[in-house]
Amino acid sequence: MILISKKGVFMKTNGLFKMWGLFLVLIALVFNACSDSHKEKKDALEVIKQRGVLKVGVFSDKPPFGSVDSKGKYQGYDVVIAKRMALDLLGDENKIEFIPVEASARVEFLKANKVDIIMANFTRTKEREKVVDFAKPYMKVALGVVSKDGVIKNIEELKDKELIVNKGTTADFYFTKNYPNIKLLKFEQNTETFLALLNNKATALAHDNTLLLAWTKQHPEFKLGITSLGDKDVIAPAIKKGNPKLLEWLNNEIDSLISSDFLKEAYQETLAPVYGDEIKPEEIIFE
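Being a predicted model, the structure only gives us computed values, none of them experimental.

Asker: Any chance you could explain the overall build of the protein here in plain terms?
Answerer: Within the protein one finds 11 helices and 13 strands. Counting across all 287 residues of the protein, residues that qualify as buried make up 45%. For the protein, restricting intrachain contacts to residue pairs at least 6 apart in sequence, the fraction spanning at least 24 positions comes to 69%. With the model as given, the accessible surface of the protein reaches about 15,600 Å², and the carbon-plus-sulfur share is 55%.

So this is what it looks like as structure tokens:
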């Protein structure tokens with residue numbers, strides 16, 4: 001006969017309760033992990049609709065594409081298009097939050113979910129396509145080089161001289177890769193970049209020719225000595241990888257903006273007053 005004391009029964013029962021308690025905790029942890037995983041898989045398009053606000057990364061210092069006016073409101077070509085996206089997606093162009101972003105931080109802002117879409121003059125490149133998804137393009141662009149009186153007319157004239165670029169831009173990547181003998185003076189913000197040129201910190205400045213064409217209108221002492229450099233590129237909205245529904249919606253939206261002539265309207269409102277008659281819309285936008 002085996003005798004079991006009440007104390008022994010209590011100890012075994014208590015141990016059993018502890019095991020069950022631990023088991024339930026583990027189940028809860030697994031459930032929460034699965035729940036979090038499910039949330040992460042939710043497409044960004046659904047998240048935007050549920051939130052009721054479209055978060056868009058734009059430049060705050062790159063007129064006429066993205067800038068902040070004296071009243072603190074965002075203005076520019078990219079801004080007008082982004083507002084139309086909010087209208088078509090959420091029914092109100094004011095259901096949008098503009099988030100200022102620097103060129104070098106555009107990819108990280110998408111990865112960190114700080115923005116839903118980047119509309120900050122983002123040139124589509126093979127390198128960038130590896131880390132973000134680009135929708136269909138809405139603008140054409142190439143690299144250009146501006147200098148005092150347009151003295152720099154070809155790349156060879158920049159050898160052993162300093163050239164100003166923005167960090168993380170196509171100009172930065174292009175010259176770093178193809179012309180290591182040209183010393184680059186890099187800045188985060190467009191304001192700093194162009195101020196450095198005005199203060200004679202370097203011989204020339206390389207940037208998107210669309211921006212340089214606008215900037216030289218305000219600073220006629222500088223000229224676009226090299227109007228087009230490297231490949232002809234395009235600018236497109238970018239989103240975080242892994243959101244096929246949002247990407248499909250964006251592609252359809254760009255098609256609609258082109259077919260309805262909205263891009264032309266946006267051009268006339270924001271770019272035509274700057275470019276004047278010297279530039280034809282079809283050289284900049286898709287029709």
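Asker: What exactly am I supposed to notice about the nonpolar core here?
Answerer: Generally speaking, a soluble globular protein has its nonpolar side chains buried in company with each other. Core analysis: the largest hydrophobic core is formed by 57 residues, its most contacted members being Leu54, Tyr77, Ile81, Met85, Tyr138 and Tyr267. Among the elements that make up this core, the one with the highest residue count is helix α3 (residues 77–90) (nine residues). Once residues lying within four places of it in the same chain are set aside, the contact partners of Met85 are Leu54, Ile117, Met119, Pro237, Trp249, Leu250, Glu253 and Ile254.

Asker: Looking at this structure, how should I read the sheet that holds strand β10 (residues 183–187)?
Answerer: To summarise the sheet geometry, strands pair through backbone hydrogen bonds and adopt either a parallel or an antiparallel arrangement. Judged by pairing direction, the sheet is mixed, and its five strands sit side by side in the order β10-β9-β11-β8-β12 without closing on themselves. Two strands in the sheet have a free side with no partner beyond their single neighbour: β10 and β12 (222–235). Adjacent strand axes in the sheet meet at a mean angle of 25° when their direction is disregarded. Summarising the sheet, strand β9 (residues 162–166) and strand β11 (residues 204–208) pair through two bridges and their orientation is parallel. Counterpart to Ile164 in the pairing with β11 is Leu205.

Asker: Would you take a moment to explain the layout of surface pockets for this structure?
Answerer: Rolled over the atoms, a probe sized like a water molecule indicates the empty space that remains. For the largest pocket, the calculated volume is near 490 Å³. Taken together, 16 residues line the largest pocket, and the ones lying closest to its centre are Thr125, Glu127, Tyr174, Asp231 and Asp233. For the lining of the largest pocket, the secondary-structure elements that each account for two or more residues are α5 (126–129), α6 (170–178) and β12. Grouping the constituent residues of the lining of the largest pocket by class yields four nonpolar, four polar and eight charged.

Asker: Sorry if this is basic, but what is going on with helix α8 (residues 209–218) here?
Answerer: What sets the pattern is the α-helix's 3.6 residues per turn: residues three or four places apart point alike. α8 sits mainly inside the fold: seven of its 10 residues count as buried. Every buried residue of α8 is listed here: Asn209, Thr210, Leu211, Leu212, Ala214, Trp215 and Thr216. Residues of α8 that are buried make contact with β2 (61–62), β8 (139–148), α7 (190–198), β11, β12 and α11 (272–275).

Asker: Help me understand unusual backbone geometry, please; the structure alone is not making it clear to me.
Answerer: A negative phi angle characterises most non-glycine residues, just as the trans form characterises most peptide bonds. Residue Pro64 is reached from Pro63 by a cis peptide bond, and omega for that bond is 5°. The backbone phi angle of Asn113 is positive, close to 60°, even though this residue is not glycine. When you line up the elements, Asn113 lands in the loop between α4 (106–111) and β6 (117–118). Within the chain, Asp160 stands out as a residue other than glycine whose phi angle is a positive 65°. Inspection of the secondary structure assignment puts Asp160 in the loop between β8 and β9.

Asker: Explain the sheet that holds strand β3 (residues 66–68) here, please?
Answerer: Ordered by their spatial adjacency, three strands build an open sheet running β2-β3-β4, and the pairing between neighbours is antiparallel. Of all strands in the sheet, those bounded by a partner on one side alone are β2 and β4 (74–75). Pairing of β3 with β4 involves two bridges; the strand directions are antiparallel. In the sheet register, Ser67 faces β4, and the bridge partner there is Gln75.

Asker: I keep staring at the side chain of Asp133 and nothing clicks. Help me out?
Answerer: Along the chain, the position of Asp133 falls in strand β7 (residues 132–134). Here Lys241 takes part through its side chain, which lies 2.8 Å from a polar atom of the side chain of Asp133. Beyond its immediate stretch of four places on either side in the chain, Asp133 contacts Pro237, Ala238, Ile239, Lys240, Lys241, Gly242 and Leu247.

Asker: Just to check I follow, could you spell out empty space enclosed by the protein for this structure?
Answerer: Taken as a whole, this structure holds two cavities of 30 Å³ or more when the rule is applied. Volume-wise, the largest cavity comes out at about 80 Å³. Surrounding the largest cavity, 13 residues form its lining, Lys62, Arg106, Thr169, His207 and Asp208 being those nearest its centre. Per-class residue counts for the lining of the largest cavity are two nonpolar, seven polar and four charged.

Rules of the game
- Each chain carries its own residue numbering, running from 1 in the written order of its sequence.
- Per-residue local features of the predicted model are confined to residues with pLDDT of at least 70, and side-chain atom pairs are confined, for both listing and counting, to 80 or more; whole-chain, interface and lining totals are unaffected and use all residues.
- Only hydrogens and water are set aside when side-chain values are computed; all heavy atoms of the structure are taken into account.
- For helices the rule is a DSSP run of H or I covering at least 4 residues; for strands it is a run of E covering at least 2, with both sets numbered from the N terminus onward.
- Throughout this description, buried means an accessible area under 20% of the type-specific maximum (1.4 Å probe, protein chains only), exposed means over 50%, and partly exposed covers the range between.
- Two residues form a contact once any of their heavy atoms are found within 4.5 Å.
- Under the convention used here, a 1.4 Å probe and the Shrake-Rupley method define accessible areas, while residue burial counts only the protein chains that appear.
- Joining through side-chain atoms within 4.5 Å is the link that ties buried Ala, Val, Leu, Ile, Met, Phe, Trp, Tyr and Cys residues into a set, and such a set is a nonpolar core.
- Note on pairing: two strands pair once DSSP finds at least 2 bridges between them.
- Where helices are involved, their axes are fitted lines through C-alpha atoms of the stretch in contact, as for all axes, and angles between N-to-C directions lie from 0 to 180°.
- We place a 1 Å grid over just the protein atoms. Points where a 1.4 Å probe fits but has no way out form a cavity, open points with protein on both sides within 12 Å along at least 5 of 7 lines form a pocket, and any residue with an atom within 4 Å of a point lines it.
- Grid points are joined across faces, edges and corners, and a volume is the space filled by probe spheres set on the points.
- Any residue outside Ala, Val, Leu, Ile, Met, Phe, Trp, Tyr, Cys, Pro, Asp, Glu, Lys and Arg is labelled polar, Gly included; the first ten of those are nonpolar and the last four are charged.
- Here a polar contact is recorded for every N or O atom pair within 3.5 Å, except that within protein the pair must consist of a potential hydrogen donor and a potential acceptor, and residues adjacent in sequence are included only if both atoms are side-chain atoms.

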